[in-house]
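# An overview of the molecular structure
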Amino acid sequence: MARAELPLAIEEFLSWMVAEKGRSANTLAAYRRDLTAYCDWLDRRDRTVWSVSHSELVDFVGERRASDAATSSIARQLAAIRMLHRYLSIEGERPDDPAAELEGVRVPSGIPKPLTEDQVSSLLDAVIGTEPLHTRDRALLELLYATGARISEAVGLSIGDINLDDKLVLLYGKGAKERLVPFGGAAQMAIEEWFGRGGRERLIPAQWRKRGDAEAVFLNSRGGRLTRQAAWLIVKKYGDRAGISEQLSPHVLRHSCATHLLDHGADLRVVQEMLGHASISTTQIYTRVSQERLWDVYRSAHPRATLH
């Protein structure tokens, strides 16, 4: 049976992650789940975060590797455990750091598969209708593709974050970092339609249920702020309607935005700034995507590409 509470030191660590490291609510929730599972594992071995040894942590990693858990989930949990023990050591909670020399779990760096430009057009064209939910869905999809915004950034937008005249949106990324991102005419028209008399205002409730919903750009059918889960389902719905067989998600639209920008000559540093990547190496994965697509075109089009 899973524990109901975490030790006070771990709760303090989680608070520190928010206050000092600027971790998001979603990251914090994932860390809490991972550390709760870790404490349950320690309980079954009559150990605590203060008494666990390096060799026991090696056993923990081995058990996780042998389970059916995804490699990315194991890597994330291990990252949380490492950070926790580093924190406990720095704060003097224990004199050593048993996770300091712990071998990591390598996550395969698969190249993200973006949509083609024709597929994106099919996706956007799949939103047919003039009802408020249609105009909302069209504005959401256009904005995601135009800006490469994360889904959490899009649903977190307030009306004041969008400047329709200058075609700019203020996005709040990881670590509470802000960035100003441009968008094009198609997104501008879709957002203007959503803000028009037949769109957002028809979903405004008689009384707002939560503080902040009144300023939300994207509303649900009951007049509350659209959630990440609901936005994900919107993307999936129109992907199915457009007949896109690839596994579609809001993040695939982010991949597609970055890849298509680079395909058309955008500077890598500009794309980095636009996506809100802290490191240029994160953005460079999209150059590999573009190179792969270049080779696909070359192999299919050049008459001597396949000669040996």
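Please read these numbers as outputs of a predicted model, since none were measured by experiment.

## Considerations on the overall build of the protein
- Looking only at helices and strands, the protein features twelve helices and three strands.
- Within the protein, buried positions represent 41% of all 308 residues.
- Total accessible area on the protein stands at roughly 17200 Å², and carbon and sulfur atoms take up 50% of it.

## Considering the packing of helix H6 (residues 132–147) against helix H10 (residues 250–263)
- Two elements in contact, H6 and H10, have axes separated by 7 Å at closest approach and are oriented at 45°. By the angle class used here, H6 and H10 are oblique. Counting all contacts with H6, which are made through Leu141, Leu144, Tyr145, Ala146 and Thr147, the residues of H10 involved are Leu253, Ser256, Cys257 and His260.

## Section: helix H1 (residues 8–19)
- When the terminal C-alpha atoms of H1 are compared, their 16 Å separation across twelve residues agrees well with the 16 Å that a helix rising 1.5 Å per residue should span.
- Taken together, the buried positions of H1 are Ala9, Ile10, Phe13, Leu14 and Met17. Looking straight down H1, one finds its buried side chains confined to an arc of 145°; they lie on one side. Exposed side of H1, more than 90 degrees from the buried face: Leu8 and Ala19 are the residues found there.
- As for H1, its buried residues are in contact with helix H2 (25–44) and helix H4 (71–90).

## Details of the pattern of salt bridges
- Counted by the stated rule, this structure contains twelve salt bridges.
- Note that Arg136 is salt-bridged to Asp137, the shortest N-O span being 2.9 Å.
- Overall, the relative accessible area of 1% leaves Asp137 in the buried class.
- Across the pair Glu193 and Arg138 runs a salt bridge, and its minimum N-O distance is 3.2 Å. Of the two residues, Glu193 is situated in helix H8 (residues 185–195) and Arg138 in helix H6; the sequence distance between them amounts to 55 residues.

## Considering unusual backbone geometry
- If you check the backbone angles, Asp46 has positive phi at about 55° while not being a glycine.
- With respect to the helices and strands, Asp46 occurs in the loop between H2 and helix H3 (54–66).
- Residue class for Asp46 comes out exposed when judged on its relative accessible area of 66%.
- Within the chain, Lys167 stands out as a residue other than glycine whose phi angle is a positive 55°.
- For Lys167, the position within the fold is in the loop between strand S1 (162–163) and strand S2 (168–172).

## Concerning the confidence of the model for the protein
- Chain-level pLDDT for the protein is 85 on average; 87% of the residues reach the 70-or-more range.
- Across the protein, S1 holds the top mean pLDDT of 96, while helix H12 (residues 280–301) sits lowest at 67.

## With respect to the sheet that holds S1
- Strand order in the open sheet made by the three strands is S1-S2-S3, with antiparallel pairing throughout. Two strands bound the open sheet, and with one partner strand each, they are S1 and strand S3 (178–182).
- In the sheet, S1 pairs with S2 via two bridges, with the strands oriented antiparallel. For Ile162, the partnering residue across the bridge sits in S2 and is Val169.

## Here's the deal with the packing of H1 against H4
- The interhelical angle for the contact between H1 and H4, taken along N-to-C directions, is 105°, at an axis separation of 10 Å. Taken as axis vectors, H1 and H4 run roughly perpendicular relative to one another. Here Ala9, Ile10, Glu12, Phe13, Trp16 and Met17 of H1 lie close against H4, whose contacting residues are Ala80, Met83, Leu84, Tyr87 and Leu88.
- When grouped by side-chain class, the residues that make up the contact of H1 with H4 number ten nonpolar, no polar and one charged.

## Looking at the pairing of S3
- Where burial is concerned, the two faces of S3 differ: the one with Arg179 and Val181 is buried and the one with Glu178, Leu180 and Pro182 is not.
- By the bridge criterion, five bridges tie S2 to S3 in an arrangement that is antiparallel. Note that in S3 the partner of Tyr172 across the bridge is Glu178.

Reading the values: rules and limits
Residues numbered from 1 in each chain as written. Predicted model: local features only at pLDDT ≥ 70, side-chain atom pairs only at ≥ 80, totals over all residues. Heavy atoms only, no water. Helix = DSSP H or I, 4+ residues; strand = E, 2+ residues; numbered from the N terminus. Buried < 20%, exposed > 50% of the residue type's maximum accessible area, 1.4 Å probe, protein only. Areas by Shrake-Rupley, 256 points an atom, 1.4 Å probe, with all protein chains shown as cover. Axes fitted to C-alpha atoms, helices over the stretch in contact; angles between N-to-C directions. Parallel < 35°, antiparallel > 145°, perpendicular 65-115°, else oblique. Contact = heavy atoms within 4.5 Å. Expected span 1.5 Å × (residues − 1). Arc of directions from axis to C-beta. Salt bridge = Lys/Arg side-chain N within 4 Å of Asp/Glu carboxyl O. pLDDT = per-residue confidence, 0-100. Pairing = 2+ DSSP bridges. Nonpolar A, V, L, I, M, F, W, Y, C, P; charged D, E, K, R; others polar.

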